[in-house]
Structures are given as structure tokens and as C-alpha cells.
Amino acid sequence: MKKKNFNIKNIIKITLTIFGVVAIIVPIAYFSTSRVDISSLTAAGSSAVFPLVRAFAEEYSPADITVQAGGSGAGIQSILNGNRDIGMVSKDPISDFIAHGGKNPLGEWSQRGIKTVTIAWDGMALIYRDSSNAAPINLDKSTIELIYKSFAGNSVVTYNDLGIIGNMTPITPFARTGGANASGTADSFFKSTNLLTREEQKKVQADFPQLQNGNYGPLTRQTPESNSQSLQQVLASNNPGSMVYLSAGFTLNNISDIENAGFKIANYKNIPLQKNKITFGYDWFRPLNILFSLNDSIHGLRDFVSWMVSFDFKSPSQEIIENEGFINLTLNQKLTMTLNNSPKSFFESDSTLGYTGAIAEPISLNINNKIIINQQIQNDSYLRKFNRMQKSRELND
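So, here's what we can say about the structure.

Parameters and conventions
- Residues numbered from 1 in each chain as written.
- Predicted model: local features only at pLDDT ≥ 70, side-chain atom pairs only at ≥ 80, totals over all residues.
- Heavy atoms only, no water.
- Helix = DSSP H or I, 4+ residues; strand = E, 2+ residues; numbered from the N terminus.
- Buried < 20%, exposed > 50% of the residue type's maximum accessible area, 1.4 Å probe, protein only.
- Phe/Tyr/Trp six-rings, centres within 6.5 Å; stacked < 30°, edge-to-face > 60°.
- Axes fitted to C-alpha atoms, helices over the stretch in contact; angles between N-to-C directions.
- Parallel < 35°, antiparallel > 145°, perpendicular 65-115°, else oblique.
- Left-handed = near helix turned anticlockwise from the far one by under 90°.
- Contact = heavy atoms within 4.5 Å.
- Nonpolar A, V, L, I, M, F, W, Y, C, P; charged D, E, K, R; others polar.

### A few points about unusual backbone geometry
At Asn194, a residue that is not glycine, the phi angle is positive and equals roughly 60 degrees. Turning to its location among the elements, Asn194 is positioned in the loop between helix H7 (184–191) and helix H8 (198–207). We classify Asn194 as exposed; its relative accessible area is 51%.

### Here we look at the packing of aromatic side chains
Counted under the stated rule, the structure contains twelve aromatic pairs. Here the aromatic rings of Tyr128 and Tyr159 are separated by 5.8 Å at their centres, their planes lie at 35 degrees, and the arrangement is tilted. With Tyr128 in strand S6 (residues 114–129) and Tyr159 in the loop between helix H5 (141–152) and strand S8 (172–176), this pair connects stretches of sequence that are 31 residues apart. Residue class for Tyr128 comes out buried when judged on its relative accessible area of 0%. Grouping aromatic residues by their ring pairs yields a cluster made of Tyr148, Phe151, Phe189, Phe190 and Tyr245.

### Focus: the packing of helix H1 (residues 50–59) against helix H14 (residues 316–323)
Running from N to C, H1 and H14 cross one another at 140 degrees; their axes reach a closest spacing of 10 Å. Considering their axes alone, H1 and H14 lie oblique with respect to each other. Our pair here, H1 against H14, has a crossing hand that is right-handed. Contacts from Leu52, Ala55, Phe56 and Glu59 in H1 reach Pro316, Ser317, Ile320 and Ile321 in H14. The residue inventory of the contact of H1 with H14, partitioned by class, reads six nonpolar, one polar and one charged.

Next comes the structure, spelled out in C-alpha cells:
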């Protein structure tokens, strides 16, 4: 990654805002440019997407970029209200729009020219404090249902129940304030484990609405959306039964602090979490999305988006994704966000087919950090997505 020159000192200020409170303002980069019409761009939303877009802003010199973190819901609203150039979202924005009373999501998306772009994948991790020598908790159908029961906050679940025989310590769950309605991280924890069938997932959602609406019971402790603040609160509690869900990238980047505090990372279907890999079978991951309007002619916006989602896999942005502990999209996954499978059509108006960003499934193999996609299944998945969108359009017309 090439270094920037320091002839003209323009400070990019990254502002981390959570729940409307400015928490930190840090000068993070200097850059020089021969242009005098430097672009000013703003981004707001998911705290999970925040560190990646912040890293992009540090490296990207043609624009002065202000980035704010306040949750996926805030990112979606910032684009719908026209308050920001880029919204950051770590869940499906259409589903969130409907959950908050949106009546005609596809029509409104199309009218506003809103495009959802997946810039990377992020695995999910569940960490817990356990001082024993027992093997890591394994997340499967039976244990995840018990964990959901615990996080709802009305029932005591012990580590013995999760397979650590003899450890009767009750779980002390730390959940995001506002539940899945407000937090993309909570949404991924509640809905994207891929351990339950569709019917089983519906039953869990009906049994534990607290995980959706954030009205937890008395046994659940609530944390801010930010991964760093959530972890700090958990560590400060010094509770022997603490358990919290976090971004996998954040977890791996802070693994020494986590392990030194006596925490372990749960396995997923007997598969441990690995850095920069979505290993075959580790299906607990989520998209890191950005939203922007194709109707906007803001100077430099499309250039910045193109730079982030580069089709050159040796570009600085793709290197940043790996350095931050996230997973790059494959070429096929990027092409699902274009019209006619062509990078040149990325910003064409009809390419708002990408309402929900890139298609992640299925992952058939992972070798040397390169995710190999079965082309035929990928095409079938793309067609299913296209047909769903067409059907929704007809219902909204």
C-alpha cells in the first residue's frame, strides 16, 4: 500500500457518534493532492461497518470523509432522509425498512435510486468467560436455542446446560440496546446463524420477541452498539458467566485482550473461527453494506464507491479489507450487484436489483483465503433473488 505525501495537510476527522453523543474525534490522516476542489463526503450508520469505512477514509486521498457510527438503523434513515451521502448497514436494509413501518420499500428504493452495495463480509463470534479447561462451547441447534433463551433475559441458563459438564455458573448475557430492531450486530446474532430451519427460526422469533424489540428481561445486561464499548462493558463487569456476541473481525483483532481476560470463542458446528476465512461450514457471517443514492451527483461519491468495491483484487481497498480482519467478496459475488454481470453497469439505474447487496451463498470450499463459488448454484441463487424482486415489484405496483 503506497504512502501518502504530506505537502498539504488536510485532516480527515472521523467522528464516532453513538446514540447521538459524540464520543471521540480523532485526526487520522494527512494527504496531499494537486486538486483544489476536494470532495467532502459523509457516512453514518453501523458500528460494525465503521472501522472498515474509517480505514478506507484514511487511505483514500481525493476526498475529505467524515464517518459516524450509530447503528444500522441510523444508517438507513440517514439515506432515506438525505442527511448523509453514505449509509452503513450490517443487515438487510429492506427488512429493516419494513420493520419500521415502511409501506412500499421497493417502490421507494427505486424512486430514490437507492443502491445497496456489499463491501465485505464479516463473521460473527460468541465469546464467554470460562476458567475451566473444558473444550469450547459448540454452537448447534440445541445450544443456540438455549442461548437465545438466556439472552431474552427471563430464564436462567447455565454453562452446564451448554455442555460444560459440572459448571453450574449461570450465563450473564450482554445484549445490544434496542435488539435486532436497532442493531445490525444483534440482528445477525438473532437471525443469521443458519443453525435453524426457517420454521424453527420463526418459532424462536415468536418465543423470544425480546431479542427483536430489545425489551429484555431482568437477567440481560444491555450494551451500546459499538463492539469496543460492548466488550469494555463486559470486561469491566468481571462477571464469571459473561457472554456477548461480537463482530468476528473485531474479536480477532482484539484476541489477546479477550483471552487474557479469561474469555473463549465458541465453535460453530465444531469449527473454530479463523481470521480472513469463511471456512466451509462456518456459515455465521453477515454483509457489511453501504447505501447511497444513484440520483445524487455529489462530486466524488461514485469514485469513492468504485474505489472501495474495486474489481482489482490487488488494490489498496481489498488489502485493507483483509488487514482489518474482514473477508473480501469474490468476483462472482461482486457481479451479482451489477446489471448484466458487467462491472461497467455498476452504477446504471436498473442495477438497483442490488436491494440487499451481494449474494453470499453458497460457499463450497475455501483454499488459501480464496472462496470458491459453485457457478451454477451461484447463478441459480441470483435468479431466485431476481424473481423475488420482480414479484415484490408486481405486488407494490
